[in-house]
Amino acid sequence: MTTNDTRHLLAEAAQRAADYLEALPDRHVGPLPGAVEKLVSALDMPLPDQGSGDADVLGFIDGYGSPSTVASAGGRYFGFVTGGTLPAALAANYLASAWDQNSFGWTSSPAVAAFEVAALRWVKEALGLPMAAEGALVTGATMAHFTCLTAARNRVLRQAGWDVDADGLFGAPAITVIVGEEAHASLLKVLSMLGLGRSRVVRLPCNDQGRILPRDLPQIKGPTIVCLQAGNVNSGGFDPAELLIEWAHAGGAWVHADGAFGIWALASPALAGLAKGYTAADSWALDGHKWLNVPYDSGIALVADASALSDAMSISGAYLMSGGRREAMNLTPESSRRARAVDIWAALKSLGRQGLAELVERNCRQARDLADGLRAAGVEVLNDVVLNQVVVSFGSEARTKEVIEAVQAGGECWCGATVWKGRAAMRVSVSSWATTDEDIARSVAAIVKAVRETPEQ
Ligand SMILES: *Cc1c(COP(=O)(O)O)cnc(C)c1O
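Counting restarts for each chain, with residues numbered from 1 along the sequence as it is written. Residues qualify for local features only when their pLDDT is at least 70, as the model is predicted, and side-chain atom pairs are given and counted only at 80 or more; totals for whole chains, interfaces and linings, by contrast, use all residues. The basis for every side-chain value is the complete set of non-hydrogen atoms in the structure, without hydrogens or water.

### Comments concerning empty space enclosed by the protein
We place a 1 Å grid over just the protein atoms. Points where a 1.4 Å probe fits but has no way out form a cavity, open points with protein on both sides within 12 Å along at least 5 of 7 lines form a pocket, and any residue with an atom within 4 Å of a point lines it. Grid points are joined across faces, edges and corners, and a volume is the space filled by probe spheres set on the points. Within this structure, the stated rule accounts for 3 cavities of 30 Å³ or more. Lining the largest cavity are Gly180, Glu182, Ala183, His184, Leu187, Gly210, Cys227, Leu228, Gln229, Asp239 and Asp258. By the criteria applied, helices consist of DSSP H or I runs no shorter than four residues and strands consist of E runs no shorter than two, each listed in order from the N terminus. Top contributing element to the lining of the largest cavity by residue count: strand β4 (residues 224–229), with 3 residues. Of the residues in the lining of the largest cavity, the class split is 4 nonpolar, 4 polar and 3 charged. Basically, the charged four are Asp, Glu, Lys and Arg, the nonpolar ten are Ala, Val, Leu, Ile, Met, Phe, Trp, Tyr, Cys and Pro, and anything else, Gly included, counts as polar.

If you want it as structure tokens, here you go:
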């Protein structure tokens, strides 16, 4: 293959990507009818003996794959708190893929190592988190929990005179893990992966918005980790951090904050009050691929005490190598990995502080507009719409399920099912840069139409 062929191929990939994105406003938000069946049957072939031309490979992926996608990059996808991808972040991701850097350290990729330092610094600046905090760029909030809670586990055991790094968990002093009863499932999964157990946690009761009730708090004794949530995945509600962190720190506990999407409220002066107090946590898990609108996968782990992170993640026992520089490999669970920092840096550079605040504020305003539109049509909104999350019911469980199915089948917008305070519900998460006010109006109309066309039982 000549250089000219590569240039053509990459240009064609960019053309096809642009065509895909430009078609999103007019297409069904779910996979196009029949597309997935066609893709699955086209893929049902043995590994060919002979290779195909590169243009054919790309044509196959676009021809069969693109119609089978969920249009989550578009403005009317409201599932799972996913964001879209900002143009600058997408373009940065293309270029960084061409670089094909192994991002484990300065030697393997000085470029990515430098972007990583800068990207982490900007994230801390944007959120007002302690500048001394160290970080790791991982796949998502789940792995960010894993990273932070490994540091937490090792540190609280070290304080109890136990070296878990060398001696493992067998025979170690017991750790008390305290969570809210509304903790995200990913946090419990991580506790199980870390040998801390999903079920042996102490669960604090929450109010009707899923926020921990800061009263009758248990006395903290011995090695303890307290996990708070900045942004409940259904209601968007925040655990009251100020009071809870004061209580936890008075008892010598480590405080971990699940801020997957909600912690980005700190980027907006108008919304930062919701997340008041979270800057005093010991570690934070957040997503880039949600509200920052960078491509998958992208999660960020931050730990206030840099040495707690490096002690837990060091591959060689030495934190700083190559002339005292930060080595990502000694701060993250992974060694080889992609250049996530470039996407994050590009998103923040293209938005600036103001653009980031505006994005978060606009999505919150759009969530309120959507809730108002649904309420005006007689739909019951179950949560206080404080952030970007709206939880609604259409009556009985069966009818709610039917309306959600009708909304998804209609293809004008996509919202998923959830259970909120024991009730079947539909959840709408507004977290994409691509969502316009017209998208909100079209979505309200589509949901109301589905409600009208679904008989009451
Ligand atoms: C999405 C989410 C997670 C898990 O994040 P991943 O990026 O999917 O690993 C954890 N906590 C909360 C509150 C979330 O919204």
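### Quick word on the site of the ligand
A molecule or strand has a residue near it when one of that residue's heavy atoms lies within 4 Å. Thr142, Asp258, Asp287, His289 and Lys290 are the nearest of the 14 residues found near the ligand. What qualifies as a polar contact is a pair of N or O atoms within 3.5 Å, subject to a donor-acceptor requirement within protein and to the restriction that residues adjacent in sequence count only when both atoms come from side chains. Contact distances for the ligand include 2.8 Å between a nitrogen atom and a side-chain N or O atom of Asp258. Only the protein chains shown count as cover for residues, with accessible areas throughout obtained via the Shrake-Rupley method and a probe of 1.4 Å. Expressed as a share of its isolated accessible area of 380 Å², the protein-covered part of the ligand is 85%. The element best represented in the shell around the ligand is helix α6 (residues 141–159), accounting for 3 residues. Of the residues in the shell around the ligand, the class split is 4 nonpolar, 7 polar and 3 charged.

### Remarks on the layout of surface pockets
What the largest pocket holds in volume is close to 1,200 Å³. Looking at the largest pocket, it is lined by 44 residues, and the ones nearest its centre are Ala17, Tyr20, Leu21, Leu90 and Tyr94. Tallying contributions element by element places helix α1 (residues 3–23) first for the lining of the largest pocket, with 9 residues. Among the residues making up the lining of the largest pocket, the classes are represented as 28 nonpolar, 10 polar and 6 charged. Taken together, domain 1 (3–69) and domain 2 (91–347) each give at least three residues to the lining of the largest pocket, which thus spans both. Domain borders in the structure are assigned automatically or taken from a domain database.

### Some thoughts on the sheet that holds strand β12 (residues 416–420)
At least two DSSP bridges between two strands are needed for those strands to be called paired. The strand order across the open sheet built from 4 strands is β10-β11-β13-β12, with neighbouring strands paired in antiparallel fashion. Looking at which strands have only one partner, the edges of the open sheet turn out to be β10 (380–381) and β12. Pairing of β12 with strand β13 (residues 423–429), which is carried by 5 bridges, proceeds in the antiparallel orientation. Residue pairing in the sheet places Thr418 in a bridge with Ala425 of β13. Sitting on the sheet, helix α11 (residues 340–376) touches β10, β11 (389–393) and β13, and the angle it makes with β11 is about 15 degrees. Residue contacts are defined here by distance: any two heavy atoms, one from each residue, within 4.5 Å place the two residues in contact. To obtain an axis, a line is fitted to C-alpha atoms, over the contacting stretch when the element is a helix, and the angle between two such axes runs from 0 to 180 degrees between their N-to-C directions.

### Let's talk about the environment of Val29
With respect to the helices and strands, Val29 occurs in the loop between α1 and α2 (35–43). Since its relative accessible area comes to 3%, Val29 is described here as buried. Each C-alpha atom, one on Val29 and one on Ala280, is 40 Å from the other, the two residues being 251 residues apart in sequence. Setting aside residues up to four positions removed in sequence, Val29 forms contacts with Val70, Ala71, Arg76, Tyr77, Gly411, Glu412, Cys413 and Trp414. Each residue gets one of three labels from its accessible area relative to the maximum for its type: buried under 20%, exposed over 50%, partly exposed in between, using a 1.4 Å probe on protein chains only.

### Some thoughts on the sheet that holds strand β3 (residues 202–204)
Strand order in the open sheet made by the 7 strands is β1-β7-β6-β5-β4-β2-β3, with mixed pairing throughout. Two strands close off the open sheet at either side, each with one partner strand: β1 (134–138) and β3. Here the strands of the sheet are splayed against their neighbours by 20 degrees on average, with no regard to which way each runs. Relative to the sheet, helix α8 (residues 185–193) contacts β2 (176–180), β3, β4 and β5 (254–258), its axis offset from that of β2 by approximately 170 degrees.

### Let's talk about the pattern of salt bridges
A carboxyl oxygen of Asp or Glu within 4 Å of a side-chain nitrogen of Lys or Arg is what we treat as a salt bridge. Counted according to the given criterion, the structure contains 24 salt bridges. Here Asp62 ties to Arg16 by a salt bridge, and the two come within 2.7 Å at their closest N and O atoms. Note that Asp62 is positioned in helix α3 (residues 54–65) and Arg16 in helix α1, a separation of 46 residues in sequence. Overall, the relative accessible area of 25% leaves Arg16 in the partly exposed class. The closest approach of N and O atoms between Arg158 and Asp311, which form a salt bridge, is 3.0 Å. Here Asp311 lies in helix α10 (residues 306–313) and Arg158 lies in helix α6, a separation of 153 residues in the sequence. Via salt bridges that share partners, Asp297, Glu334, Arg338, Arg340 and Asp343 belong to a single interconnected network.

### Overview of the UniProt feature "modified residue: N6-(pyridoxal phosphate)lysine" (unreviewed entry) in the chain
UniProt positions are given in the numbering used here, feature names are shortened, and annotations may be inferred rather than shown by experiment. Within this numbering scheme, the UniProt entry marks Lys290 as carrying the feature "modified residue: N6-(pyridoxal phosphate)lysine" (unreviewed entry). With respect to the secondary-structure elements, Lys290 resides in the loop between β6 (283–287) and β7 (299–303). Residues contacting Lys290, with those up to four places away along its chain left out, are Phe80, Val81, Thr82, Gly83, Ala260, Phe261 and Ser431.

### Focus on unusual backbone geometry
Backbone torsion omega between Tyr296 and Asp297 reads -15 degrees, so that peptide bond is classified as cis. Checked against the element boundaries, Asp297 lands in the loop between β6 and β7. Its identity as a non-glycine residue notwithstanding, Phe80 has a phi of 50 degrees, on the positive side. Residue placement: Phe80 occurs in the loop between α3 and α4 (87–99).

### Some remarks on the packing of helix α5 (residues 110–127) against α11
One can describe the packing of α5 onto α11 by two numbers: an axis separation of 9 Å at closest approach and a directional angle of 30 degrees. In terms of their interaxial angle, α5 and α11 are classed as roughly parallel. α11 is crossed by α5, and the crossing has left-handed handedness. Of the residues in α11, those touching α5 at Val112, Phe115, Glu116, Ala118, Ala119, Trp122, Val123, Glu125 and Ala126 are Ala341, Val342, Ile344, Trp345, Leu348, Lys349, Arg353 and Leu356. Working rule for angles: under 35 degrees goes down as roughly parallel, over 145 as roughly antiparallel, 65 to 115 as roughly perpendicular, anything else as oblique. Two helices that cross are described as forming a left-handed crossing if the nearer one is turned anticlockwise from the farther one by less than a right angle, and a right-handed crossing if clockwise.

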